[in-house]
Amino acid sequence: MGGPFDLVEHVPIPAYVFRVDGDDFILEEVNAAARAHNPAIAQMRGRSMLQLYQDQVQAREDARRAVAEKTKIVREMAVRRYDRTEATMLVELSFVYAGPDHMVIFMRDVATPPIAEAALRESETRYRTLVDALPDAVLLRGADGQILACNDVAVRLYGAGSQFDLLGTTAAPITKKWTVRKESGDEVDLQDMPSRRVIATGVAEVGQVYEVTTEGEGSRWYRVAAQPIRGSSGKVSGSVTMFTDITERLQAQQALRESAARLDVALSAAKMGVWEMSGDKRIDFWSANLSAIFKLPVSMEDFAKFLDSVHPDNRAAVRGIMESLVGANHDDAIEHEFRIVGTDGVTRWARAFARVRHEGSKVRLIGTMMEVTEQHHLEEELRRAHRLESIGRLAGGIAHDFNNLLAAMIGSIELMEDDCPPTAREDLATIRHGAARATELTRQLLAFARKQPVIYKDVDLSAMVTNVERMLRRLVGAGVDLAISKSGSVLVRADPSLLEQVLVNLVINAKEAMPNGGRIEVLVGTTLHSVPGSGPKSFALLEVSDSGIGMDEETRGKIFDPFFTTKESGTGLGLASSYGIVKQHGGHIDVLSRPGHGTRFRVLIPLSANVAGSDPPPSAAPLHGKGCILVVDDEELVRNTTVRMVKSLGYDVLVASSGEEALDVADRYPGYIDALVCDVSMPGMDGPTAARELSRRRPGLRILFVSGYSGASDDEMVTNSAFLPKPYTRSDLAAKLHEVLSE
Ligand code: ADP
Ligand code: MG
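Residues numbered from 1 in each chain as written. Chains lettered and ligands numbered in written order. Predicted model: local features only at pLDDT ≥ 70, side-chain atom pairs only at ≥ 80, totals over all residues. Heavy atoms only, no water.

Peer 1: Would you mind showing me how to read the packing of aromatic side chains here?
Peer 2: The relative placement of two aromatic rings is captured by the distance of their centres and the angle of their planes. Tallying each qualifying case throughout the model produces five aromatic pairs. With 6.2 Å between their ring centres and 85 degrees between their planes, Phe 306 and Phe 338 make a pair best called edge-to-face. Of the two residues, Phe 306 is situated in helix H11 (residues 303-308) and Phe 338 in strand E14 (residues 333-341); the sequence distance between them amounts to 32 residues. A relative accessible area of 3% means that Phe 338 is categorised as buried. Three or more aromatic residues joined by ring pairs make a cluster, and in this case those are Trp 286, Phe 303, Phe 306 and Phe 338. (Phe/Tyr/Trp six-rings, centres within 6.5 Å; stacked < 30°, edge-to-face > 60°. Helix = DSSP H or I, 4+ residues; strand = E, 2+ residues; numbered from the N terminus. Buried < 20%, exposed > 50% of the residue type's maximum accessible area, 1.4 Å probe, protein only.)

Peer 1: Help me understand the packing of helix H14 (residues 422-448) against helix H18 (residues 574-584), please; the structure alone is not making it clear to me.
Peer 2: Each pair of packed helices gets described by two things: the angle between the helix axes and the distance between those axes. Between H14 and H18, the least distance of the axes is 6 Å, while the angle of their chain directions is 50 degrees. Taken together, the axes of H14 and H18 are oblique relative to one another. Crossing hand, H14 versus H18: left-handed. Across the interface between the two elements, Gln 444, Ala 447 and Phe 448 of H14 pack against Gly 574, Ala 576, Ser 577, Gly 580, Ile 581 and Gln 584 of H18. (Axes fitted to C-alpha atoms, helices over the stretch in contact; angles between N-to-C directions. Parallel < 35°, antiparallel > 145°, perpendicular 65-115°, else oblique. Left-handed = near helix turned anticlockwise from the far one by under 90°. Contact = heavy atoms within 4.5 Å.)

Peer 1: Can you help me understand the pattern of salt bridges in this one?
Peer 2: Where charged atoms from two side chains of opposite charge approach closely, those side chains can pair. Under the defined criterion, the tally for this structure stands at 42 salt bridges. Note that Arg 65 is salt-bridged to Glu 69, the shortest N-O span being 3.6 Å. The exposure class assigned to Glu 69 is partly exposed, which follows from its relative accessible area of 48%. In this structure, a network of salt bridges that share partners links the residues Asp 667, Glu 693, Arg 696 and Arg 697. (Salt bridge = Lys/Arg side-chain N within 4 Å of Asp/Glu carboxyl O.)

Peer 1: Sorry, what's going on with the sheet that holds strand E7 (residues 147-150) here?
Peer 2: Sheet strands pair via backbone hydrogen bonds, and the direction of the pair is either parallel or antiparallel. The six strands lie next to each other as E7-E6-E11-E10-E9-E8, forming an open sheet whose pairing is antiparallel. Unpaired on one side and paired on the other, E7 and strand E8 (178-182) mark the two borders of the sheet. Mean inter-strand twist for the sheet, computed between neighbouring axes without regard to direction, equals 30 degrees. Where strand E10 (residues 218-230) and strand E11 (residues 236-245) come together, nine bridges link them in antiparallel fashion. Considered in E11, the bridge of Arg 223 is made with Thr 244. Running over the sheet, helix H8 (residues 194-201) touches strand E6 (137-142), strand E9 (205-214), E10 and E11 and is turned about 150 degrees from E11. The sheet contacts of helix H9 (residues 247-269) involve E10 and E11, and relative to E10 the element is tilted by about 125 degrees. (Pairing = 2+ DSSP bridges.)

Peer 1: Explain unusual backbone geometry to me, please; I cannot follow it from the model alone.
Peer 2: Negative phi is the rule for most residues except glycine; trans is the rule for most peptide bonds. Cis geometry marks the peptide bond from Lys 726 to Pro 727; its omega dihedral reads -10 degrees. You will see that Lys 271, though not glycine, has its phi angle at about 50 degrees, which is positive. The residue Lys 271 is located in the loop between H9 and strand E12 (272-278) in this model. A relative accessible area of 39% means that Lys 271 is categorised as partly exposed. Notably, Phe 563 is not glycine yet its phi reads approximately 75 degrees, a positive angle.

Peer 1: Any chance you could explain the confidence of the model for the protein here in plain terms?
Peer 2: In low-pLDDT segments, the atomic positions of the prediction should not be examined closely. Of the residues in the protein, 90% reach a pLDDT of 70 or more, and the chain-wide mean stands at 84. Confidence drops under a pLDDT of 50 for residues 611-622, and excluding neighbours within four residues, the segment shows seven contacts in the predicted structure. (pLDDT = per-residue confidence, 0-100.)

Peer 1: Explanation requested: the site of ligand 1 in the structure shown.
Peer 2: Near ligand 1 lie 19 residues; those nearest to it are Asn 509, Asp 546, Thr 565, Thr 566 and Lys 567. Side-chain polar atom of Asp 546 to a nitrogen atom of ligand 1: 2.8 Å apart, as the coordinates give it. Relative to its unbound accessible area of 530 Å², ligand 1 is 95% covered by the protein chains. The residue makeup of the shell around ligand 1, split by class, is seven nonpolar, nine polar and three charged. (Near = heavy atom within 4 Å. Polar contact = N/O pair within 3.5 Å; in protein donor to acceptor, adjacent residues only side chain to side chain. Areas by Shrake-Rupley, 256 points an atom, 1.4 Å probe, with all protein chains shown as cover. Nonpolar A, V, L, I, M, F, W, Y, C, P; charged D, E, K, R; others polar.)

Peer 1: What exactly am I supposed to notice about the environment of Gly 345 here?
Peer 2: Secondary-structure assignment places Gly 345 in the loop between E14 and strand E15 (347-359). Separated by 50 residues in sequence, Gly 345 and Lys 295 place their C-alpha atoms 8.9 Å apart.

Peer 1: How should helix H21 (residues 687-697) be read in this particular structure?
Peer 2: For an α-helix, 3.6 residues make a turn, and residues three or four places apart therefore share a direction. For H21, the full list of buried residues reads Gly 687, Pro 688, Ala 690, Ala 691 and Leu 694. Down the axis of H21, the smallest arc covering the buried residues is 160 degrees, so these residues share one side. Packing partners of the buried residues in H21 comprise strand E24 (628-632), helix H20 (659-668), strand E26 (675-679) and strand E27 (702-707). (Arc of directions from axis to C-beta.)

Peer 1: Just to check I follow, could you spell out the sheet that holds E27 for this structure?
Peer 2: Strand order in the open sheet formed by five strands is E25-E24-E26-E27-E28, with parallel pairing between adjacent strands. In the strand order of this sheet, the two ends are held by strand E25 (652-656) and strand E28 (721-725), each with one partner. Within the sheet, the average angular offset between the axes of one strand and its neighbour, ignoring direction, is 20 degrees. One ladder, built from five bridges, connects E27 with E28; its direction is parallel. Residue pairing for E28: Val 706 is matched across the bridge by Leu 724. With respect to the sheet, H21 is in contact with E24, E26 and E27, its orientation differing from that of E27 by roughly 170 degrees.

Peer 1: Before we go on, may I ask you to explain the nonpolar core in this structure?
Peer 2: Considering soluble globular proteins, one finds that nonpolar side chains tend to be buried as a cluster. Judged by nonpolar contacts, the single largest core of 50 residues is most densely connected at Leu 461, Leu 503, Ile 520, Val 522 and Phe 601. If one sorts the elements of this core by residue count, helix H16 (residues 496-512) sits on top with eight residues. Apart from the residues lying within four places of it in its own chain, the contact partners of Leu 461 are Val 490, Val 492, Leu 499, Val 524, Ala 540, Leu 541 and Leu 542. Grouped together as the second largest cluster of nonpolar side chains are 27 residues, Met 277, Leu 290, Met 322 and Met 369 included. (Core = buried A, V, L, I, M, F, W, Y, C linked by side-chain atoms within 4.5 Å.)

Peer 1: Can you walk me through the packing of helix H15 (residues 461-476) against H16 in this structure?
Peer 2: Contact geometry of H15 with H16 gives a least axis separation of 10 Å together with a crossing angle of 40 degrees. Judged by the angle between their axes, H15 and H16 are oblique. Crossing geometry of H15 relative to H16 is assigned as right-handed. On the side of H15, the interface is formed by Leu 461, Met 464, Val 465, Val 468, Met 471, Leu 472, Leu 475 and Val 476, while H16 contributes Pro 496, Leu 499, Glu 500, Leu 503, Val 504, Val 507, Ile 508 and Lys 511. Taken together, the residues of the contact of H15 with H16 sort by class into 14 nonpolar, no polar and two charged.

Peer 1: What am I meant to see in the side chain of Ser 608 here?
Peer 2: By the secondary structure assignment, Ser 608 is in the loop between strand E23 (599-606) and E24. For Ser 608, a relative accessible area of 15% corresponds to the buried category. Among the polar contacts listed, one links the side chain of Ser 608 to the side chain of Asp 458, at a separation of 2.9 Å. Ignoring anything within four residues of it in the chain, the contact list for Ser 608 reads Asp 458, Leu 491, Val 492 and Arg 493.

What follows is the structure in structure tokens.
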């Protein structure tokens, strides 16, 4: 050292000698007091003022002015204490011109009473320890926005190397590019951050959330709290800012929200919702989709309100279960099905699941509720189908026996008519009429039992409806409006006479449901219908709706039962037979009805795969014929009648009462046998077996099956055979025999 430096070396306050270097100043020497103030300062020799006071632009300005004006400039400034506390202190810096090449800064503490200072240091140390221990970034700024103190978390937050990089700076990020956004997504001007704002406004800010995106590092979320600091005069002298990293918390919240949303989707898809109830029957949670699914009020405050919408028949049971659950002294779970009547008036089935939770002395019920209306309908349908099937078997058996008796009676009556005295004619006509009525009844029973012989053709439903339109109009009469709408041709594979019967039954019922008149709509079209196991399929649709009295649930459950009727002179066979016919065609029939709101029946028949092709018109068949006919029937009455009919038609007749006997008779007969008229179901060898054997022995033999059942399936049937349903008249038989023999 030497020259001017000797002068300052022993000055009792810190002095820093700078050499003028162009625009900047280089620290050349420090005196003893300066070294005492900060032992590390000696190593700073050779550094420029720019490096030393990098963010105190003011310092360099002052230095320049001092040199330029060859004068001394004094300024108060907050600087860091280079001791353990690293607190800031207020100093007075004097920038002194020391010849053209030098400038000296003298530093003087702005006097703090020594005792107060000690106390201050102590409290500062405590504060410092506290702040360092915080997991949040803490920054202290002076009135001009300069950072006066910060902790290590703040250093990391700003991406700085050490605290020294931050102290004295105003523009926080030193090495990284930041973008700060509010929760709304709007970008924030750094000058407008809470730490700055509170200095201007003097009002504390808490809870603002910012997204800080650092180039190359992604973004994190911070909750920022800023508090103004006031000096003794009450003037704001700075601010304390705290940054709490809430990224993980937000991510967890987001994950929770997403999983809740996913659960919600799953619940909606399952037509299910969640609820929670406290022991005093207050409903604490009620998911919105429960109200949507069951059409209930949006808010469901308590159990009493919920119970109001439970179907009256189920209320007692639901209340009972709830009482027992709330009263249970152990955790229990229960599942129960009941009906709910929505605000739209529609009744839906619900399956509720509830679990009891005892939490201390409190009871809580948590549960789900699911709509199971469709399952219920399917189960009901299945139960009904099973029931109707067993009734059908019974009815079918009886009808079959009756048919045989009627066949014999009708045949005998016809034969008697030929040579009966005129006096008995009228009685005979009465008997014939009775027999015809009885035939009609057994025919309906057979239809219900799906034993009605079916002759399938390609039928256009629209054309069929056109054919019967006039008859329908006559049936419904003047008081009822009948509207028919068709949409082009709708082809099905069906027996048109049977489908007509279904349509007539439905229209008659509709008319009978409207004693004071009304409107019937008949509609032909196509529709999709889901078939278990194969998804939705296209069906032909025949719909009959009326504006009549409608039905309650109980009636609706029984309408397809044979003999169920609510009418004084009803037979209860109309819908039963329609049901059987539709099922026999592989179709479905369903009904939608409410008391006072009319009824809609829908008949679905599988669409035909074939294209339209009309059948040739039947030609008038001559009654009599020639040849030998073998009649086989196990029923004596039928057999005898048939034999007499065939004889009266001019044929020769052979007779057998069983399949075995038929083979025997044929073997012993030397002549040619033209045709076989054979019952289908017989004890021992059945009709088809006998027919197959006979045509093997006598090739060219024509075969006509007669039966009250359509029963014989295709594989049982013999190729080139014809079929005549029982009971039949003589002219039916004559026509069929002629047809068979002329093939
Ligand atoms: P029937 O007409 O002889 O009573 P059905 O089998 O045709 O026998 O009908 C059974 C019952 O179904 C009827 O007695 C009636 O109670 C009910 N029903 C059928 N169709 C309707 C309808 N369109 N409107 C109201 N009730 C109907
Ligand atoms: Mg009827």
